[in-house]
Amino acid sequence: MTGESEALIAEIRDVADLELVAAWRDLYARSLEPNIFLDPDFARPALGYLRPHGLKIMTVFETGQNRLLALAPVVPPTVPFGLARVYVHKQAALGLPLLAKDVAGPALAKLVDAVRALHGAPSALVFSEIPRDGPTFRLLNEIFGEKRRIHILGQYERPALLLAAAEHRVRSKTKGDKNSFRRLRRLGERGALSYRIARDAEVAGALTEFLALESSGWKGMSKTALASAPDRAGFVKAMAESFARDGKLQIESLDLDGKAVAMGLLIEDAGAGYFWKIAYDEAYAAQSPGILLVRELTGRLSAHRTLRAIDSCAAAEHPMIDHIWPERITILDVGINLADDPRGRIAIAAESLRRSLRKSAKRLLRRNASGKAPIAGSWRARS
C-alpha cells in the first residue's frame, strides 16, 4: 500500500473551485459507497451557504493526472492536537467520504495522512453517520482496526424500507394499517383525496408548494423551515433544479381537493432512495396526513420495486416512521486515533465524555419538558 500511496497527491481545495467540479462528479459516479449528500450538486450549494469555520475540502488525486480518488469536507480541530471531523451538516444524513472503488484503500490512507498534517496537528479524526454494514466501515476496520485505532463513538438504528422484505409486509394487515384506513376515510369525508408525484419540470412548482407548507407549521414558527432563511432556501432551490434535471428528485403529495395536506421530498440515485424531507398541514393533524403520505409512498415503492432500499434519513426511535418501516440501517460514528502517543487516546476519550454528557443532558431535558412537540418535530432536524 505504501508504494500505491506515494503515487497519490493530497490537496486542499475550495468548495467554490469550478475546476474541481468535473473531477468531483466523476469520482461520485465511481465511488466505493455513494453518498448522495456529497454529490456536488447537493454538497456545493449546501456547503456554500453553511460555510463552517475552517472547512477544508480534502482531496486526493492520482499524481500527474486529473483523476480524483478521494474527497471529504473536513473541519480541523479548534485546539492543538484535538479532533478533526469529516463534516456532516444538518441537511445531510450520511458522512461517507467519496473513495474511488478501484483504489479505495490507498486513497483513504492518503486522505487520513493529509488530515494528520493539517494545522493544529489533529490527534484523531471522526467520521459520523457511517452505515455499519457498508464497504466504507469495513475498509476503516481493515486499515485501522488491527492496531486498535478505531473506536465506535455512537450507534443507532435508522428506519429504512428494504424492498427485499416489502412483499410480505404489504400483504399482511396490521393494527397500524387499520388505523390508517380509518384516518384516510375521515380525511376523505372532508373532500376529494388524490396522490400526486412531481418529476422533472414539475419539481420547481411542487417545491414552492412544499416550502410554503413547511413554513406554515411549527418549523416556520421555530425558524427551522427551509424557507426561513434566504441562503437555506437558495441552497434547496439550486439542489432541486440540478437533481430534478437529472431525475434524482421527486416530490410526493397527498392532496385534498387539489391542495396538498402532506408532502415529501424523495431523492433517488444508483438504485437507492432517501426520504429527505416531510411536511404536513397542521390543520388536519387529527387525521395524521404525514402518516398517510408515508403509507401511500410505501405501497407505491413496494409495488413498483424500482429501488432496492429507501433510507428514512430519520433519527433513532422516530415515533412515526419506526412503526411503518420496520427494517433498520445501523449507523455509526467512528473515531480514528491518528497519533502514536497518548494524545490520540486522550482526544477520543474526551469526545466520548462530551457525547455522554450531551446525551445525559438531552435525557434530562426530555424528562423535565412540560409538553410535546408535534410528531414532525422529532423528525431529524436537517434545517
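Treat the numbers as computed from the prediction; the structure is a model and nothing was measured.

What counts and what doesn't
- Residues numbered from 1 in each chain as written.
- Predicted model: local features only at pLDDT ≥ 70, side-chain atom pairs only at ≥ 80, totals over all residues.
- Heavy atoms only, no water.
- Helix = DSSP H or I, 4+ residues; strand = E, 2+ residues; numbered from the N terminus.
- Rg over C-alpha atoms; globule rule 2.2 N^0.38 Å.
- Buried < 20%, exposed > 50% of the residue type's maximum accessible area, 1.4 Å probe, protein only.
- Contact = heavy atoms within 4.5 Å.
- Areas by Shrake-Rupley, 256 points an atom, 1.4 Å probe, with all protein chains shown as cover.
- Lys, Arg positive; Asp, Glu negative; His and termini not counted.
- Charge placed at Lys NZ, Arg CZ, Asp CG, Glu CD.
- Pairing = 2+ DSSP bridges.
- Salt bridge = Lys/Arg side-chain N within 4 Å of Asp/Glu carboxyl O.
- Phe/Tyr/Trp six-rings, centres within 6.5 Å; stacked < 30°, edge-to-face > 60°.
- Lys NZ or Arg CZ within 6 Å of the ring centre and 35° of its normal.
- Polar contact = N/O pair within 3.5 Å; in protein donor to acceptor, adjacent residues only side chain to side chain.
- Core = buried A, V, L, I, M, F, W, Y, C linked by side-chain atoms within 4.5 Å.

Draft legend 1. Structural context of the overall build of the chain. The secondary structure content of the chain amounts to 13 helices and 13 strands. Relative to the compact-globule value of 21 Å for 383 residues, the chain shows a C-alpha radius of gyration of 22 Å, a close match. Over its C-alpha atoms, taken along the principal directions, the chain stretches across nearly 70 × 45 × 45 Å. Looking at the chain as a whole, 52% of its 383 residues qualify as buried. Residue pairs in contact within the chain that sit at least 24 positions apart in sequence constitute 76% of those at least 6 positions apart. Carbon and sulfur atoms make up 53% of the accessible area of the chain, which amounts to about 18,000 Å² in all. Counting 56 positive and 44 negative side-chain charges, the chain places the centres of these two groups 8 Å from one another.

Draft legend 2. Just the pairing of strand β9 (residues 249–256), in detail. Among the eight residues in β9, eight count as buried, and that is most of the element. Both faces of β9 are covered, namely the face carrying Leu249, Ile251, Ser253 and Asp255 and the face carrying Gln250, Glu252, Leu254 and Leu256. Bridging between strand β8 (residues 193–198) and β9 involves six bridges; their strand directions are antiparallel. Along β9, the bridge assignment pairs tyrosine 195 with leucine 254. In this sheet, strand β10 (residues 259–269) lies alongside β9 in antiparallel orientation, the contact comprising eight bridges.

Draft legend 3. Highlighting the pattern of salt bridges. Per the counting criterion, the structure on display carries 23 salt bridges. Note that arginine 158 is salt-bridged to glutamate 129, the shortest N-O span being 2.9 Å. You can see arginine 158 sitting in strand β7 (residues 150–162) and its partner glutamate 129 sitting in strand β6 (residues 124–131), a full 29 residues away along the chain. Judged by its relative accessible area of 6%, glutamate 129 is buried. Among the charged side chains, a network of salt bridges with common partners joins Arg85, Asp333, Glu351, Arg354 and Arg355.

Draft legend 4. View of the packing of aromatic side chains. Overall, the coordinates contain eight aromatic pairs when judged by the stated rule. Both rings, one in phenylalanine 37 and one in tyrosine 274, keep their centres 5.8 Å apart while their planes meet at 70 degrees; by these two values the pair is edge-to-face. Within this pair, whereas phenylalanine 37 is found in the loop between α2 (18–29) and α3 (40–50), its partner tyrosine 274 is found in strand β11 (residues 272–280), the two being separated by 237 residues in sequence. In this structure, phenylalanine 37 and tyrosine 274 share a single accessibility class: buried. Their ring planes at 50 degrees and their centres at 6.1 Å tell us that phenylalanine 275 and tryptophan 325 sit as a pair that is tilted. With phenylalanine 275 in strand β11 and tryptophan 325 in the loop between α12 (321–324) and β13 (327–337), this residue pair connects regions lying 50 residues apart in the sequence. Among the residues examined, phenylalanine 275 registers a relative accessible area of 1% and is labelled buried. Chaining the aromatic ring pairs together yields one cluster made of Phe37, Phe42, Tyr49, Phe235, Phe243, Tyr274 and Trp276. Seen from the ring of tryptophan 276, lysine 277 lies directly overhead, with NZ or CZ sitting 5.2 Å from the centre.

Draft legend 5. Molecular detail of unusual backbone geometry. The residue lysine 223 is not glycine, and still its phi comes out positive at about 65 degrees. Among the secondary structure elements, lysine 223 is positioned in the loop between α9 (218–221) and α10 (230–245). The backbone phi angle of cysteine 313 is positive, close to 55 degrees, even though this residue is not glycine. Mapped onto the elements, cysteine 313 comes out in the loop between β12 (309–311) and α12. By relative accessible area, which is 1% here, cysteine 313 ends up buried.

Draft legend 6. View of α3. Within α3, the full set of buried residues consists of Pro40, Asp41, Phe42, Ala43, Ala46, Leu47 and Tyr49. Tucked into the core, α3 has its buried residues touching α2, β2 (56–62), β3 (68–75), α10, β10 and β11. N-capping of α3 is provided by aspartate 39, with a side-chain oxygen placed 2.8 Å from the backbone N of aspartate 41. Backbone geometry just downstream of α3 places arginine 51 in the positive-phi region, at approximately 45 degrees.

Draft legend 7. Representation of the nonpolar core. Judged by nonpolar contacts, the single largest core of 82 residues is most densely connected at Phe37, Phe42 and Trp276. Filtering out sequence-adjacent residues up to four positions away, phenylalanine 42 remains in contact with Ile36, Phe37, His89, Gln91, Phe235, Met239, Phe243, Ile267 and Trp276. If you look at the next biggest cluster of nonpolar residues, it comprises 25 residues, including Leu161, Ala262, Phe275 and Tyr284.

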